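Descriptive structure summary
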Amino acid sequence: METSAQNHRHERTFMELLGNIQGTAMTRHQKAEVMIAGEQLRLRLHDSKLIKDRRYHLRTYPNCFVAQELIDWLIARKEVPDRESAVQLMQHLVDHDIIHHVCDKWPMFKDAKYLYRFREDDGTFPFNIEVKIFMRGQRLYEHLIIGKDTILQLRQEKGVAYERSFPGYILIDWLLQNGEIESRRQGLELCRALLEHGIIQHVSLKHHFFDSGLLYQFCINFRRRRWLSELLHETEIEDVECLTQQNQEDHADSHFTLSSEGNSNFLSVQPTKDLNVTTNGRCGSLNHQQHSSSGYPITASLTTALAIQCNPKSVLKRNVTCEELLSPGAPYVKRVLTILGDALGWGFVVRGKSPCYVQAVDPGSPAAAAGVKVRQFVCRVNGCSVLHLDYRSLSKLVMTGPRVVTLEVMEPLD
């Protein structure tokens with residue numbers, strides 16, 4: 001009895017620790033997305049000559065832009081729907097220390113003839129340990145991705161193939177050959193720092209970094225184009241989560257929010273008898289367009305996202321744990337499915353937590369064509385383990401990723 005209770009406490013402590021690690025990783029991933037989007041915007045503004053030396057009150061301010069001109073530029077290129085959204089977007093960059101007022105006079109971004117500057121352009125970027133590791137990882141990624149004989153290749157570990165993966169010892173060899181480190185010990189410390197800060201990861205998230213043949217991948221595609229509306233959408237997600245957090249904590253297993261992530265294109269399904277819902281995505285009209293991280297139109301305003309909630313009956317015959325899925329001889333078969341999203345998204349619904357499962361699939365969607373079926377348990381998304389995530393975190397992972405989604409699922413044999 002006592003041993004069973006102790007084991008239960010240890011298991012609960014481990015799960016809480018794992019949840020905290022995953023939460024930290026998700027926060028770092030979001031910060032990385034903002035930093036990359038900000039850097040991509042900075043380069044585009046330089047190319048458009050919007051960033052330049054400007055004179056104001058007998059003083060010259062190098063490499064700055066005028067707030068009003070930037071907002072005009074964003075609207076002209078349809079990056080944002082209106083000036084209010086543009087201000088909200090730029091305030092997001094201010095809050096993350098990407099841009100600032102040239103005299104640090106205004107903590108709020110104003111739609112006026114005020115001068116702002118990217119901290120990258122004036123050397124005031126807050127280079128703490130986390131930022132330094134992130135920028136080091138970005139630089140290494142760029143060098144590795146463009147090389148003719150790149151070490152990022154399709155490799156297998158335990159019978160599963162992983163794209164753009166590399167053994168730990170080969171990465172350290174490459175770092176030594178290219179003068180990035182002076183010793184293997186230094187390389188091991190660097191790679192472990194990259195892993196701890198969410199830049200690289202073991203392909204199945206089962207190991208820390210070792211100077212061995214274990215396979216690793218970069219967690220972040222630094223070259224993927226980050227749409228500015230993605231950052232704008234991120235601020236809306238934070239607002240939705242603040243308003244619905246308590247409700248979702250009380251009903252984490254049973255509550256199903258079609259647009260809790262503000263994106264009905266990922267959670268769009270054909271209404272069925274078992275799932276009597278209304279969406280304005282694949283089955284409805286496009287009445288308020290935004291864009292996902294891949295640039296595809298999504299629907300549902302903030303108020304709609306909060307309003308469209310239902311509690312459909314679970315398609316599962318019984319509850320299943322992660323341990324049961326992974327146990328030897330379990331009545332499940334592993335499948336790897338690749339979904340190419342269309343203009344309306346992917347077309348399937350996930351539900352639950354630890355593990356998440358497929359609740360519904362749009363019959364005419366890319367998900368259906370790829371072989372996604374109800375009652376499949378989602379184990380990995382684009383090489384990242386998601387077994388211990390809830391459906392909200394899993395949805396966000398898909399929405400902020402590329403158009404092509406690779407799912408590793410466990411499908412019941414019956």
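For the structure, check the block above.
First, a word on scope: everything that follows refers to the structure included in this document. None of the values given here were measured: they were computed from a predicted structure.

Here is what the cut-offs are and how they apply
- Residues numbered from 1 in each chain as written.
- Predicted model: local features only at pLDDT ≥ 70, side-chain atom pairs only at ≥ 80, totals over all residues.
- Heavy atoms only, no water.
- Helix = DSSP H or I, 4+ residues; strand = E, 2+ residues; numbered from the N terminus.
- Buried < 20%, exposed > 50% of the residue type's maximum accessible area, 1.4 Å probe, protein only.
- Contact = heavy atoms within 4.5 Å.
- Areas by Shrake-Rupley, 256 points an atom, 1.4 Å probe, with all protein chains shown as cover.
- Phe/Tyr/Trp six-rings, centres within 6.5 Å; stacked < 30°, edge-to-face > 60°.
- Lys NZ or Arg CZ within 6 Å of the ring centre and 35° of its normal.
- Pairing = 2+ DSSP bridges.
- Axes fitted to C-alpha atoms, helices over the stretch in contact; angles between N-to-C directions.
- Salt bridge = Lys/Arg side-chain N within 4 Å of Asp/Glu carboxyl O.
- Parallel < 35°, antiparallel > 145°, perpendicular 65-115°, else oblique.
- Nonpolar A, V, L, I, M, F, W, Y, C, P; charged D, E, K, R; others polar.

A word on the overall build of the protein. Counting its secondary structure elements, the protein contains 12 helices and 18 strands. Counting only residues that meet the buried cut, the protein has 50% of its 414 residues in that class. By sequence separation, contacts in the protein at least 24 residues apart represent 63% of the contacts at least 6 residues apart. Working note: accessible area of the protein is about 20700 Å², and carbon and sulfur atoms make up 52% of it.

For the peptide bond that leads from Ser354 to Pro355, omega is 5 degrees, which places it in the cis range. Secondary-structure assignment places Pro355 in the loop between β14 (348-351) and β15 (356-361). The backbone phi angle of Asn63 is positive, close to 50 degrees, even though this residue is not glycine. Topologically, Asn63 is positioned in strand β2 (residues 59-66). Residue classification places Asn63 among the partly exposed residues on the basis of a relative accessible area of 27%. Positive phi values are uncommon outside glycine, yet Arg164 reaches one of about 45 degrees. By the secondary structure assignment, Arg164 is in strand β6 (residues 160-167). With relative accessibility at 48%, the residue Arg164 sits in the partly exposed group.

What describes a pair of aromatic rings is the distance from one ring centre to the other and the angle between the planes of the rings. Applying the stated criterion to the full structure yields nine aromatic pairs. For the pair Phe65 and Tyr116, a centre-to-centre distance of 6.3 Å together with 25 degrees between the ring planes defines the contact as stacked. With Phe65 in strand β2 and Tyr116 in strand β4 (residues 115-118), this pair connects stretches of sequence that are 51 residues apart. The pair formed by Phe65 and Tyr116 is uniform in burial state, with each residue classed as buried. Ring plane angle 75 degrees and centroid distance 5.2 Å describe the contact between Tyr141 and Phe218, whose orientation is recorded as edge-to-face. Here the residue Tyr141 occupies a position in helix α5 (residues 129-146), and Phe218 occupies one in strand β8 (residues 215-218), the gap between them amounting to 77 residues. Accessibility expressed as a relative area gives 3% for Tyr141, which makes it buried. For Phe218, a relative accessible area of 14% puts it in the buried group. An aromatic cluster is defined as three or more aromatic residues linked by ring pairs; in this entry it consists of Tyr141, Phe166, Phe209, Tyr216 and Phe218. Between the NZ or CZ atom of Arg192 and the centre of the ring of Phe210, over which it lies, the distance is 5.2 Å.

Side-chain alternation along β8 places Leu215 and Gln217 on one buried face and Tyr216 and Phe218 on a second face that is also buried. Pairing of β6 with β8 involves three bridges; the strand directions are antiparallel. Residue Phe166 lies in a different strand from β8, and its bridge partner there is Tyr216.

What follows concerns the sheet that holds β2. In sheet architecture, strand pairing relies on hydrogen bonds along the backbone and comes in two forms, parallel and antiparallel. With antiparallel pairing, four strands are arranged side by side in an open sheet as β1-β2-β4-β3. If you trace the sheet from one side to the other, it starts and ends with β1 (52-56) and β3 (99-101), each paired once. Strand-to-strand twist in this sheet, taken as the mean axis angle between neighbours without regard to direction, amounts to 55 degrees. One ladder, built from four bridges, connects β1 with β2; its direction is antiparallel. Note on β2: the bridge partner recorded for Arg55 is Thr60.

To continue, consider the pattern of salt bridges. Between side chains of opposite charge, a pair can form when the charged atoms approach closely. Using the criterion set out here, one finds 17 salt bridges in the structure. Between Arg119 and Asp97 there is a salt bridge whose closest N-O contact spans 3.6 Å. With Arg119 in helix α4 (residues 119-122) and Asp97 in the loop between α3 (83-95) and β3, the pair connects residues that are 22 residues apart, well separated along the chain. By relative accessible area, which is 14% here, Arg119 ends up buried.

Next up on the list: the packing of α5 against helix α7 (residues 184-196). As a packed pair, α5 and α7 sit with axes 10 Å apart at the nearest point and diverge in direction by 105 degrees. The pairing of α5 with α7 is recorded here as roughly perpendicular in orientation. Each of Ile133, Arg136, Gly137 and Leu140 in α5 lies in contact with α7, whose residues at this interface are Leu190, Ala193 and Leu194. Considering only residue class, the contact of α5 with α7 consists of five nonpolar, one polar and one charged.

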